[in-house]
Amino acid sequence: MALYALLDFDTLKKYNISIEDFIKTAKGLKAKILQYRDKNSSFEEKLNRIKKIRKLWKKTLIVNDEIELLPFADGIHIGQEDLISLCEKNRLTKFEAIKALKYGKLNSKFSILNSQFIVGLSTHNKEEILEANNLPLDYIGLGAYRPTTTKNTNNILGEKIINLIKYSYHPVAVIGGVKIYDKIPSNFKVVGSDICKLTSFQLRKKEIFKRKLKNL
């Protein structure tokens, strides 16, 4: 089970840690994938941040929902509601929309040449997993595993998630309240807040050590 680090910018602000600090911890934990999620910043701020992240993170980089940032990442993760909106806006079926995302066909701000992107979709129950099996996805997110403060989660799966994983034809990334040392029989575990907590703890510990040295 590989670690998939979720860099949620609002959570970084909550813990008063920088992008550099978060990525350093993610690297130390040997994360394979990093997702950038930013629900409240302007597009220009997001663009500048993902360019910065791209310089710092050389492994797989996923952007959350923001199609216009796709040229600066290796793929995109999209939610069920966002997929429906995308289909309605572009008059596409879900299959067509996922395929268009995969080949960068829905981007209007930046040109994309000869690229193929990773596409992940959030799922929350057996019905959505079975539907996802018929879509040209690279992986599914499945959750929420636990309650989380970063998103409204009405559907907490807990240990039921272990049985649901078996229905997916795609690799599964467990999402929602997942902790660094959780043991879940999935391909990936998506961890955000717990990495922030660890990073904050390490920074405080480092600061205390500096103060002690200064007082010697």
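Quick note: structure is the one above.
Residues numbered from 1 in each chain as written. Predicted model: local features only at pLDDT ≥ 70, side-chain atom pairs only at ≥ 80, totals over all residues. Heavy atoms only, no water.

(A) Highlighting the pairing of strand β5 (residues 118-123). Within β5, five of the six residues are buried, which leaves the element mostly enclosed by the surrounding structure. In terms of strand pairing, strand β4 (residues 75-78) meets β5 through four bridges, oriented parallel. By the bridge assignment, Ile76 is partnered in β5 with Val119. With four bridges joining them, β5 and strand β6 (residues 139-142) adopt parallel strand pairing. Note on β6: the bridge partner recorded for Thr123 is Leu142. (Buried < 20%, exposed > 50% of the residue type's maximum accessible area, 1.4 Å probe, protein only. Helix = DSSP H or I, 4+ residues; strand = E, 2+ residues; numbered from the N terminus. Pairing = 2+ DSSP bridges.)

(B) Inspection of the packing of aromatic side chains at higher detail. Following the criterion strictly, the structure yields two aromatic pairs and no others. Taking 5.9 Å as the distance between ring centres and 65° as the angle between the ring planes, the aromatic pair formed by Tyr4 and Tyr139 counts as edge-to-face. Highlighted residues: Tyr4 in strand β1 (residues 2-8) and Tyr139 in strand β6, separated in sequence by 135 residues. Since its relative accessible area comes to 1%, Tyr4 is described here as buried. Look at Tyr139 and you get buried, because its relative accessible area is 5%. (Phe/Tyr/Trp six-rings, centres within 6.5 Å; stacked < 30°, edge-to-face > 60°.)

(C) Structural detail: the side chain of Ser168. The topology assignment puts Ser168 in the loop between α7 (161-165) and β7 (172-174). Since its relative accessible area comes to 15%, Ser168 is described here as buried. Dropping the residues within four chain positions of it, Ser168 is found in contact with Ile129, Asn133 and Ile140. (Contact = heavy atoms within 4.5 Å.)

(D) Up close: unusual backbone geometry. Here the bond from Gly143 into Ala144 is cis, since omega is 15°, no more than 30 degrees from zero. Tracing the chain through its elements places Ala144 in the loop between β6 and α7. The phi angle at Asn16 is positive, at roughly 55°, despite the residue not being glycine. You can see Asn16 is positioned in the loop between α1 (9-15) and α2 (19-28). A positive phi angle, near 60°, is found at Lys30, a position not held by glycine. Checked against the element boundaries, Lys30 lands in the loop between α2 and β2 (33-37).

(E) Here's a closer look at the nonpolar core. Formed by 58 residues in total, the largest nonpolar core has its most connected members in Leu7, Phe22 and Ile53. Residues within four places of Leu7 in sequence aside, it is in contact with Leu12, Ile19, Phe22, Ile23, Leu34, Gln35, Tyr36, Arg37 and Ile53. Ranked by size, the runner-up nonpolar core spans 10 residues in total, among them Tyr4, Leu6, Phe188 and Val190. (Core = buried A, V, L, I, M, F, W, Y, C linked by side-chain atoms within 4.5 Å.)

(F) Region of the structure containing the sheet that holds strand β3 (residues 60-64). Strand order in the closed barrel formed by eight strands is β1-β2-β3-β4-β5-β6-β7-β8, and the pairing between neighbours is parallel. Between one strand and the next, the sheet's axes are offset by a mean angle of 25°, whatever the strand orientation. In the sheet, β2 pairs with β3 via four bridges, with the strands oriented parallel. Residue pairing across strands places Tyr36 opposite Val63, the latter belonging to β3. (Axes fitted to C-alpha atoms, helices over the stretch in contact; angles between N-to-C directions.)

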